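Breakdown of the fold
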There are 4 protein chains.
Amino acid sequence: MIKKILVRLDNRYYWQEGDLHTNYGVVKKADLEKAESSVKSHEDKEFLMFDANFADQFEKIKRGPAIMIPKDIGVILTNTGIGKDSVVVDAGTGCGVTASFLANFVKKVVTYEVNKDFFNLAKKNFEFLELKNVEQKNKDVYEGIEEKDLDLVVFDLPEPWRAVGHAYKSLKSGRFLVSYLPTITQVGGLVSSSEGFLHEKTIEVLEREWHVGGKKVRPKSQMIAHTGFLVFLRKI
Amino acid sequence: MIKKILVRLDNRYYWQEGDLHTNYGVVKKADLEKAESSVKSHEDKEFLMFDANFADQFEKIKRGPAIMIPKDIGVILTNTGIGKDSVVVDAGTGCGVTASFLANFVKKVVTYEVNKDFFNLAKKNFEFLELKNVEQKNKDVYEGIEEKDLDLVVFDLPEPWRAVGHAYKSLKSGRFLVSYLPTITQVGGLVSSSEGFLHEKTIEVLEREWHVGGKKVRPKSQMIAHTGFLVFLRKI
Amino acid sequence: MIKKILVRLDNRYYWQEGDLHTNYGVVKKADLEKAESSVKSHEDKEFLMFDANFADQFEKIKRGPAIMIPKDIGVILTNTGIGKDSVVVDAGTGCGVTASFLANFVKKVVTYEVNKDFFNLAKKNFEFLELKNVEQKNKDVYEGIEEKDLDLVVFDLPEPWRAVGHAYKSLKSGRFLVSYLPTITQVGGLVSSSEGFLHEKTIEVLEREWHVGGKKVRPKSQMIAHTGFLVFLRKI
Amino acid sequence: MIKKILVRLDNRYYWQEGDLHTNYGVVKKADLEKAESSVKSHEDKEFLMFDANFADQFEKIKRGPAIMIPKDIGVILTNTGIGKDSVVVDAGTGCGVTASFLANFVKKVVTYEVNKDFFNLAKKNFEFLELKNVEQKNKDVYEGIEEKDLDLVVFDLPEPWRAVGHAYKSLKSGRFLVSYLPTITQVGGLVSSSEGFLHEKTIEVLEREWHVGGKKVRPKSQMIAHTGFLVFLRKI
């Protein structure tokens, strides 16, 4: 586990691993180990130092393609009534982003992934993040969910309608299946196949960043306009 | 604690408390107690029944004026590296919304509120939500923060710059002070007074809901366009 | 044609037509006729007076249900290369909103409407707005478009794919068919039936209003989250 | 004036000017001149051909830094009551984008620019666009506006409050001064200096583009999150 991260005043982050080669010059490993709140490169540029936290570690994990990002996982946490004592199923695992974030806040996460390569990638990521409460299954969630009495099921799957019935059987009454879907076409397909569930809401979450500096206060010029839609289905 | 909630197919929710008087007729307490997954009113309209969860309970708490909503608290959870073992300070308490949500996910929340009426309102809300890990202080956070080694400080205060120094002293290195601010004018004021912190980002989070029904798939006509800005300051 | 409008400082507008009964008291017709830049009600409340312009007149026309609003018509004007010398076909007319706005900026608008009630409603609106360059046809645009060499065709129709071929034959090379569609389902249907056209872009336009007053500068709490999608098809 | 544009199916546009060198091979001038609706490169890749319109020409003009874009100019056209007979003042000219778009729709545009380099750049752009109804003034609008009875004044200036009084004297009653401002700080400064005007509204306009292809219908991943705020001030 990485202990320290470094940051330049332009908000560019670096992780402390041996000698650090940057656009601002090299920071020596020996200097890093002695330093506390800041350190200088051989070009005499200063780097601030922070204790690394979970979100920092998270930035370092290996990624696959399109994934849910913190804003999306945040609204799942606060809209489904789960908490520290909850047990959750996640499918498919992918590189493990959703499972990792959930595991940081709930009691236990069981995560399904049929693809062996992704299963192995996620395994490394969970180890790197030192998560003890994630159970990985190299199984096809379209075939079934083995857990019962779940507090939440999260799907990041291309065809979630194939596993809706499994989620129904595994959830407690009143609990949610949340499906993350890149296209609106998939949303329509899922909602029309969600028998036994109340379609509580389908939302998109947009995060807009501002530049704040002296007299120049304005939204940043570019933003991520879309990651995916979140469909909240509640077991009747 | 309420055990069951009821819902009509138009997504209107009701809570089970004695006889329930609705636009769809009266649901008798005796019928509610016998029912399992649905119940009918005296006008023969059906209501679905769910086990209530934390988010449902939350909807029932007494509110004051403008408050952070789940989307905002969600991004705080997933952007600050906190988790189940974290200790957090929140100020001002208000009606207790932020503290309640945080307490559901972290180890302990200490919450400051100078106003006695809000303090008492929040007390009832925490009891109603059966939260055991919230400590309330009827103190002015502008005067100081007594805790040390905190993993997160959240401010929902009109003049957060008056308590930035206190937050600095109470936070661990690399940890965040997040300030929720309705006006952009306040954002400018805070960022220019945040010595000792890195201004990591200022964002607004927008949640846009979709209507999904058969062939009619479109965004809903109205949305909440603004709750507040979130300023993320990281202790150097 | 109305010559003057009145406004209270809370941005509520009124139109001068005989005695004016408002929440701030009655403004007498005789007083209005003598007044120049302001007038008082019998409760001694002051109203500002403006010369009315096209956009003001427009606010007074009789409306049917869902209609394109100025933000949508604005991006059509500036994204299709039309100008003062352009000839445009619009269908269906509805209450005449789109045709009126276009007529204010281009040489001529021919507008199709199969429904006789809407045809008559729009007729009154065009007369009220004193527009001389709108030609109304009480015909079904799904049956055909009689004009040739058009600079733009705008559809506000439930099934635009039924008239895409007609638009193709009536447009000049390189010119646009713009279709306004409330649901994303319709967008998919149109784009997959747009042979002979390049699908240049499909957009939604969002207008977000700000409250600006002294220290309180923030986005307004509510906004219109959706009117319709605009599909820009360009004739090859 | 360019007569034809070419486009590849990936929506990349080219303009016909001599031999055309592209990633898809060279298109010979001789081939272009003979072609009608399509032409092939020496690599046998097909290009579609369109008649060029005003918006196409516009894409070819030389630009300076931050400028209003079509979405912003569109809402000015449809929210200020101007039309084909209107006379408008624009300041500063910059590279001439705003003046060009307005000139395409109104009777006359007078445009002020104190910087001689921008004045000359805009001159070339107006000539390229063959606009006959734009009058350029190489003058400082902070010193005054010489025109009277204007239907609209548009400011794209760093300190618009220095010219608010000039706009007031030059506008007809009930007409608008619209100011385009990148930062919210400037918005506050202008609104608090707008004596004699009603602050009708301050808005931002967001354009969100969708990917529409078969089953894959979703918003594009990136968008322009900010160009500028539009402040609408109405002369009392």
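Reading the values: the criteria
Residues numbered from 1 in each chain as written. Chains lettered and ligands numbered in written order. Predicted model: local features only at pLDDT ≥ 70, side-chain atom pairs only at ≥ 80, totals over all residues. Heavy atoms only, no water. Helix = DSSP H or I, 4+ residues; strand = E, 2+ residues; numbered from the N terminus. Buried < 20%, exposed > 50% of the residue type's maximum accessible area, 1.4 Å probe, protein only. Contact = heavy atoms within 4.5 Å. Areas by Shrake-Rupley, 256 points an atom, 1.4 Å probe, with all protein chains shown as cover. Lys, Arg positive; Asp, Glu negative; His and termini not counted. Charge placed at Lys NZ, Arg CZ, Asp CG, Glu CD. Least-squares fit on C-alpha atoms with pLDDT ≥ 70 in both. Core = buried A, V, L, I, M, F, W, Y, C linked by side-chain atoms within 4.5 Å. Buried area = accessible area lost by both parts, 1.4 Å probe. Salt bridge = Lys/Arg side-chain N within 4 Å of Asp/Glu carboxyl O. 1 Å grid on protein atoms, 1.4 Å probe; cavity = no way out; pocket = protein on both sides within 12 Å on 5 of 7 lines; lining within 4 Å. Points joined across faces, edges and corners; volume = space filled by probe spheres on them. pLDDT = per-residue confidence, 0-100. Arc of directions from axis to C-beta. Phe/Tyr/Trp six-rings, centres within 6.5 Å; stacked < 30°, edge-to-face > 60°. Lys NZ or Arg CZ within 6 Å of the ring centre and 35° of its normal. Polar contact = N/O pair within 3.5 Å; in protein donor to acceptor, adjacent residues only side chain to side chain. Pairing = 2+ DSSP bridges. Right-handed = clockwise from strand over helix to strand, strands pointing away. Axes fitted to C-alpha atoms, helices over the stretch in contact; angles between N-to-C directions. Parallel < 35°, antiparallel > 145°, perpendicular 65-115°, else oblique. Left-handed = near helix turned anticlockwise from the far one by under 90°. Nonpolar A, V, L, I, M, F, W, Y, C, P; charged D, E, K, R; others polar.

Here we look at the overall build of chain A
The helix and strand inventory of chain A stands at seven helices and 15 strands. Each principal axis of the C-alpha atoms in chain A carries an extent, and together these give about 65 × 40 × 30 Å. A total of 236 residues make up chain A; the buried ones form 60% of that total. Relative to all contacts within chain A whose residues are 6 or more apart in sequence, the contacts with residues 24 or more apart total 61%. If you sum the accessible surface of chain A, you get close to 9700 Å²; carbon and sulfur atoms cover 48% of it. The distance from the centre of the 35 positive side-chain charges to the centre of the 33 negative ones in chain A is 2 Å.

Considering the relation of the copies chain D and chain C
Superposing chain D onto chain C takes a rotation of 180° plus a shift of 0.0 Å along the axis, which leaves an RMSD of 0.0 Å. What the superposition gives is, in effect, a two-fold axis relating one chain to the other. Of the C-alpha atoms belonging to chain D, the one lying closest to the rotation axis is found on D:G74, 1.8 Å away. Both copies share a contact surface, since 100% of the interface residues of chain D are interface residues in chain C too.

Observations regarding the relation of the copies chain B and chain A
Mapping one chain copy onto the other needs a rotation about an axis and a shift along that axis. If you rotate chain B by 180° and push it 0.0 Å along the axis, it lands on chain A with an RMSD of 0.1 Å. Comparing interface residues between copies, 100% of those in chain B also lie at the interface in chain A; the contact surface is shared.

Section: the nonpolar core
Core analysis: the biggest nonpolar cluster contains 67 residues, and A:L152, A:L230, B:L152 and B:L230 have the highest contact counts within it. Per element, the largest residue contribution to this core is six residues, and it comes from helix α4 (residues 97-105) of chain A. Excluding its chain neighbours within four sequence positions, the residues that come into contact with A:L152 are A:I76, A:T80, A:I82, A:V87, A:V88, A:V89, A:L102, A:L171, A:F176 and A:V178. C:F101, C:V109, C:L129 and C:L131 belong to the second-largest nonpolar core, a separate cluster that totals 66 residues.

Let's talk about the interface of chain B and chain A
Buried accessible area, meaning the area lost when the parts come together, often serves as the stated size of an interface. Contact with chain B, which involves 59 residues of that partner, is made by 59 residues of chain A. Between chain B and chain A, roughly 5000 Å² of surface is buried when both sides are summed, and carbon and sulfur atoms account for 58% of that area. A per-residue breakdown of the area chain B buries against chain A is headed by B:T78, B:K84 and B:F105, which together make up 13% of the total. Remark: the boundary between chain B and chain A carries four salt bridges.

Some details on the interface of chain D and chain C
With 59 residues of chain D in contact, the opposing surface of chain C contributes 59 residues. For the pair chain D and chain C, the summed buried area comes to about 5000 Å², and 58% of that belongs to carbon and sulfur atoms. On the chain D side of the contact with chain C, D:T78, D:K84 and D:F105 bury the most area, a combined 13% of that side's loss. Summed over the shared surface of chain D and chain C, the result is four salt bridges. Between D:E204 and C:R208 there is a salt bridge, with the nearest N and O atoms lying 3.2 Å from each other.

Description of empty space enclosed by the protein
Over the atoms, a rolling probe the size of a water molecule traces out where space has been left empty. With the rule as written, the count across this model stands at three cavities of 30 Å³ or more. There is about 150 Å³ of room inside the largest cavity. Looking at the largest cavity, it is lined by 13 residues, and the ones nearest its centre are A:L206, B:L206, C:L206, C:M223 and D:L206. Elements supplying a minimum of two residues to the lining of the largest cavity: β12 (197-213) of chain A, β12 (197-213) of chain B, β12 (197-213) of chain C together with β12 (197-213) of chain D.

Describing unusual backbone geometry
Most of the time, phi is negative for any residue but glycine, and the peptide bond is trans. Cis peptide bonds are those with omega within 30 degrees of zero, and the linkage from B:A91 to B:G92 qualifies with -10°. Inspection of the secondary structure puts B:G92 in the loop between β7 (87-91) and α4 (97-103). Phi is positive for A:D149, close to 55°, though the residue is something other than glycine. By the secondary structure assignment, A:D149 is in the loop between β9 (134-137) and β10 (150-155). Look at D:D44: it is not a glycine, yet its phi comes out positive at around 65°. Note on D:D44: relative accessible area 55%, which makes it exposed.

Observations concerning the environment of D:G189
Within the element layout of this structure, D:G189 appears in helix α7 (residues 184-191). Between the C-alpha atoms of D:G189 and D:E159, which are 30 residues apart in sequence, the distance is 8.6 Å.

Topic: the confidence of the model for chain A
Summarising the model, chain A shows a mean pLDDT of 89, and 91% of its residues fall at 70 or more. Predicted as a complex, the structure gets a pTM of 0.90 and an ipTM equal to 0.89.

A closer look at helix α7 (residues 184-191) of chain C
Three or more residues of α7(C) are buried, namely C:I184, C:Q186, C:V187, C:L190 and C:V191. Looking down the long axis of α7(C), one finds its buried residues gathered within 150° of arc, a one-sided arrangement.

Looking at the packing of aromatic side chains
For any two aromatic rings, the description comes down to two numbers: the centre-to-centre distance and the angle of the planes. With the rule as written, the count across this model stands at 24 aromatic pairs over all chains. Relative to B:W210, the ring of A:F229 has its centre 5.4 Å away and its plane inclined at 85°; by these criteria the two rings are edge-to-face. Highlighted residues: A:F229 in strand β15 (residues 229-235) and B:W210 in strand β12, drawn from two different chains. When sorted by exposure, A:F229 lands in the same class as B:W210, which is buried. The rings of A:W210, B:F229, C:W210 and D:F229 are connected pair by pair, giving a single aromatic cluster. For the cation-ring pair, B:K201 lies above B:F232, with the distance from its terminal atom to the ring centre recorded as 5.7 Å.

Brief notes about the pattern of salt bridges
Residues and elements named next belong to chain C. Tallied over the full model, the rule gives 60 salt bridges over all chains. A salt bridge links K108 to E135; its shortest N-O distance comes to 2.9 Å. Placement of the pair is K108 in strand β8 (residues 108-112) and E135 in strand β9 (residues 134-137), with a sequence separation of 27 residues. Assessed through its relative accessible area of 32%, K108 is described here as partly exposed. Its relative accessible area of 30% is what places E135 among the partly exposed residues.

What about helix α3 (residues 70-79) of chain D?
All names here are of chain D. Of all the ten residues making up α3, ten are buried; the element is thus mostly covered by neighbouring parts of the structure. Taken together, the buried positions of α3 are occupied by P70, K71, D72, I73, G74, V75, I76, L77, T78 and N79. A positive phi of about 75° marks G81, the residue just after α3.

Some points on the side chain of B:K71
Within the secondary structure, B:K71 is located in helix α3 (residues 70-79). Polar side-chain contacts of B:K71 include one of 2.8 Å to the backbone oxygen of B:V205. Among the polar contacts made by the side chain of B:K71, one reaches the side chain of B:T227 at a distance of 2.8 Å. Excluding anything up to four places from it in sequence, B:K71 contacts A:V75, A:T78, B:V205, B:E207 and B:T227.

Quick notes on the pairing of strand β9 (residues 134-137) of chain B
Residues and elements named next belong to chain B. Bridge analysis of strand β8 (residues 108-112) against β9 gives four bridges, and the strand direction is parallel. The partner of Y112 across the bridge, within β9, is K137. The β-α-β motif built from β8, the intervening helix α5 (residues 116-128) and the parallel element β9 has right-handed crossover chirality.

Notes on the side chain of B:E113
Residues and elements named next belong to chain B. One can find E113 in the loop between β8 and α5. Buried charge without a partner: E113 forms no salt bridge, and the closest opposite charge is K116, 11 Å away. For E113, the side chain forms a polar contact with the main-chain nitrogen of N115, separated by 3.1 Å. Setting aside anything within four residues of it in sequence, one finds E113 in contact with G92, T93, G94, F118, F119, K137, N138 and K139.

Quick look at the environment of B:S37
For B:S37, the position within the fold is in the loop between α1 (29-34) and β5 (38-40). Sequence-wise, B:S37 and B:F105 are 68 residues apart; in three dimensions their C-alpha atoms are separated by 29 Å. What B:S37 contacts, discounting residues up to four positions off in sequence, is A:I236, B:F47, B:L48 and B:M49.

Focus: the environment of D:E135
Separated by 36 residues in the primary sequence, D:E135 and D:A99 have C-alpha atoms spaced 9.5 Å apart. Within the structure, D:E135 has its side chain in polar contact with the side chain of D:K108 (distance 2.9 Å).

A closer look at the packing of helix α3 (residues 70-79) of chain A against α3(B)
Packed helices, taken two at a time, are described by the angle between their axes plus the distance between the axes. Axis separation between α3(A) and α3(B) bottoms out at 7 Å; the angle between their running directions is 120°. Here α3(B) runs oblique to α3(A), going by the angle between their axes. Taken as a pair, α3(A) and α3(B) cross one another with a handedness that is right-handed. Together, A:P70, A:K71, A:I73, A:G74, A:V75, A:L77, A:T78 and A:N79 of α3(A) and B:P70, B:K71, B:I73, B:G74, B:V75, B:L77, B:T78 and B:N79 of α3(B) make up the contact between the two elements. Of the residues that constitute the contact of α3(A) with α3(B), the class distribution is eight nonpolar, six polar and two charged.

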